[in-house]
Amino acid sequence: MSFIDYYEVLGINKNASEDDIKKAYRKFARQLHPDLNPNDKDAQAKFQKINEANEVLSDPAKRKKYDQYGEHWEHGEEYEQARKANSRPNASGGQNFSGDFDESNFSDFFSSMFGGASEGRGRAQSKFRGQDFQSELTITLEEAYTTHARTLKINDKNIRITIPAGVENGQTIKLKGYGGKGVNGGPEGDLLIQFVVSNAANVKRLGNDLYSTVDLDLYTAMLGGEKIIETLGGKIKLIVKPETQNGTKIRLKGKGFPVYKKEGSFGDLFVTYNILMPTNLTDKQKELFKELQNSAL
Amino acid sequence: MEANEYIPIDFFCKQHGVEVSVISTLHAYGLIEVYRMEEIEYLPLAELADAEKLIRLYDELEINPEGIDVVIHLLKRIKEMQFHIQLLENRLSLYEENA
């Protein structure tokens, strides 16, 4: 636990007036307030620092104690006892901001010196919604293809969620009331789960469409035929047209990825043919190819 | 109108330590929806979190309603852009993995 220079945090000097403190705090609060910086943990951490600095410096009693003991904060408790014995409770004139963060997030330095956030100041008695928690859940492309249930352990509680088919990489779902506890009896925050959908080796996804490359032997490509391919939705029989060129792309309507929360609706599957040249030809085969070559001239 | 889907504005204001006139001002600027039933005004519970955010911007950061309107609009734009960035990253990964 180390000493925190609250004056430095607010960018003011030690002789700053109450008005200077208020101005400095407002300036930072407008930049860093959690409502203006959603999902920005860095801004939230900085905001908590300036909130803590303001909590101390805007309260004359706390500021006096801080100024007097500062780096020797370990003696704060002795000071506190002496102060209680010699003075009546002091009313404060400061203001501290709230938002989607937990007031218990004061630093160890603050807690050690002042014993936690003050009560009865400003809006402290107001009810506030708890902090939103964020979590990341990695699922495979195959898992994202079907609607399925998953049990998550959040803060020692098992939560069973249903993941709808078609969930997108980076998509976030909100579980209402599974976030942090509310302040002063306010409602709980939400749990935001962001999905990371990993790609499969043989198929790529773009939105609701799937892209796949299928190897095709030269003879089927030249003469036409059938090709059975494996897709996320099962096996599909492709009819290969004669004289199919390498790199030919075909579109299979409705054979792509399920559309999120639209049951029975699917994107398309695009198949690109990769024609394989025969290798290790026998003499006979070479002869036949030469014959073919000559007939084409 | 189901009673459990709405919260009386005076109760909401009491809980948050703000004047009812704050809600009226935000409502006048089209930032908040207010429902009136038998002379009592209500806020929809579904929009409670948004209402609390507006109160914080107005009351704590002292941003005026016009400013809040701009802030809310820009936050919405940021969210949309973040979504588009994610989509583009997904699209880019398709080519990066093929390279």
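It should be emphasised that the depicted structure is a prediction, and the values quoted were computed from it without experimental measurement. (Residues numbered from 1 in each chain as written. Chains lettered and ligands numbered in written order. Predicted model: local features only at pLDDT ≥ 70, side-chain atom pairs only at ≥ 80, totals over all residues.)

Asker: Summarise the overall build of chain A; cite the residues concerned and give the values.
Answerer: Within chain A, the regular secondary structure consists of 9 helices and 11 strands. Relative to its full complement of 297 residues, chain A shows a buried share of 26%. Considering only contacts within chain A whose residues lie at least 6 apart along the sequence, 61% involve residues at least 24 apart. (Helix = DSSP H or I, 4+ residues; strand = E, 2+ residues; numbered from the N terminus. Buried ≥ 20, exposed ≤ 12 C-beta atoms within 10 Å, placed from the backbone. Contact = placed C-beta atoms within 7 Å.)

Asker: Give me the overall build of chain B: which residues, what numbers.
Answerer: Counting its secondary structure elements, chain B contains 4 helices and 3 strands. Here chain B holds 99 residues, and 20% of them are scored as buried. For chain B, the share of sequence-separated contacts (at least 6 apart) that also reach a separation of at least 24 residues comes to 57%.

Asker: Which residues make up the sheet that holds strand β1 (residues 6-8) of chain B, and what values do they have?
Answerer: Residue and element names in this part refer to chain B. Read from one edge of the open sheet, 3 strands run β1-β3-β2, paired in antiparallel fashion. The strands lining the two open edges of the sheet, one partner per strand, are β1 and β2 (35-37). The sheet shows a mean angle of 40° between the axes of neighbouring strands, taken without regard to direction. Here β2 runs beside strand β3 (residues 40-44); their pairing, made up of 3 bridges, is antiparallel. Its bridge partner lying in β3, M37 is registered against I40. Its contacts with the sheet put helix α1 (residues 9-16) on β1 and β3, and the angle it makes with β1 is roughly 70°. (Pairing = 2+ DSSP bridges. Axes fitted to C-alpha atoms, helices over the stretch in contact; angles between N-to-C directions.)

Asker: Go over the nonpolar core with me, naming the residues and quoting the values.
Answerer: Formed by 17 residues in total, the largest nonpolar core has its most connected members in Y6, L10, Y25, F28, I50 and A53 of chain A. Only α1 (6-10), α2 (18-32) and α3 (41-57) of chain A provide two or more residues apiece to this core. The dominant element in this core, judged by the number of residues it contributes, is α2 of chain A, at 6 residues. Other than its neighbours up to four places away in sequence, Y25 of chain A contacts L10, I50 and N54 of chain A. With 15 residues, the next largest nonpolar core counts Y42, L43, A51 and L57 of chain B among its residues. (Core = buried A, V, L, I, M, F, W, Y, C linked by C-beta atoms within 7 Å.)

Asker: Pulling in residues and values, what's your account of helix α4 (residues 60-69) of chain A?
Answerer: Since there are 3.6 residues in each turn of an α-helix, residues three or four apart along the chain are aligned in direction. For α4 of chain A, the full list of buried residues reads K62, R63 and Y66 of chain A. Take α4 of chain A and look down its axis: the buried residues cluster within an arc of 100°, on one side only. (Arc of directions from axis to C-beta.)

Asker: Run through helix α9 (residues 283-296) of chain A, naming residues and quoting values.
Answerer: For α9 of chain A, built from 14 residues, the straight-helix expectation of 20 Å at 1.5 Å per residue is met to within 8% by its first-to-last C-alpha distance of 20 Å. The element α9 of chain A is barely covered by neighbouring structure, given that only 0 of its 14 residues are classed as buried. (Expected span 1.5 Å × (residues − 1).)

Asker: Which residues make up the packing of α2 of chain A against α3 of chain A, and what values do they have?
Answerer: Helices that pack against each other are described as a pair by the angle of their axes relative to one another and the distance between those axes. All names here are of chain A. Relative orientation of the contacting elements α2 and α3 amounts to 160°, with a least axis distance of 10 Å. Regarding the angle of α2 to α3, the classification is roughly antiparallel. Helix-helix and strand crossings are classified by hand; for α2 and α3 the assignment is left-handed. Along its contact with α2, which presents I21, Y25, F28, A29 and L32, the element α3 presents A43, K46, F47, I50, N54 and L57. (Parallel < 35°, antiparallel > 145°, perpendicular 65-115°, else oblique. Left-handed = near helix turned anticlockwise from the far one by under 90°.)

Asker: Give me the pairing of β3 of chain B: which residues, what numbers.
Answerer: All names here are of chain B. Of the strand pairs in this sheet, β1 and β3 are connected by 3 bridges, and their pairing is antiparallel. For I7, the partnering residue across the bridge sits in β3 and is L43. The loop that links β2 with its antiparallel partner β3 comprises 2 residues; one of these, E38, has a positive phi angle of about 50°.

Asker: Describe unusual backbone geometry, with residues and values.
Answerer: Residues and elements named next belong to chain B. A positive phi angle, close to 70°, is found at E39, a residue other than glycine. Counting through the fold element by element, E39 comes out in the loop between β2 and β3. E39 sits in the exposed class, given 5 other C-beta atoms within 10 Å. In this structure, E62 is a non-glycine residue whose phi angle is positive, near 55°. Mapping E62 onto the fold places it in the loop between α3 (48-60) and α4 (65-98). Residue E62 is classed as exposed on the basis of its 11 C-beta neighbours within 10 Å.

Asker: Explain the sheet that holds strand β4 (residues 172-175) of chain A to me, and be specific about the residues and the numbers.
Answerer: All names here are of chain A. Strand order across the open sheet formed by 3 strands is β1-β5-β4, with mixed pairing between neighbours. Looking at which strands have only one partner, the edges of the open sheet turn out to be β1 (133-140) and β4. Recorded for the sheet is a direction-independent mean angle of 30° between the axes of neighbouring strands.

Asker: Tell me about the environment of I68 of chain B, and please be specific about residues and values.
Answerer: Here I68 of chain B is to be found in helix α4. For the pair I68 of chain B and L54 of chain B, spaced 14 residues apart in sequence, the C-alpha separation works out to 7.3 Å.

Asker: Tell me about the confidence of the model for chain A, residues and numbers included.
Answerer: All names here are of chain A. Per-residue pLDDT for chain A has a mean of 82; in total, 78% of the residues score no lower than 70. Low pLDDT (under 50) marks residues 87-95, which in the prediction has 11 contacts with non-local residues, meaning those over four places away or in another chain. Contacts of residues 119-126 to residues separated by more than four positions or lying in other chains number 17 contacts, the stretch itself having pLDDT below 50. (pLDDT = per-residue confidence, 0-100.)

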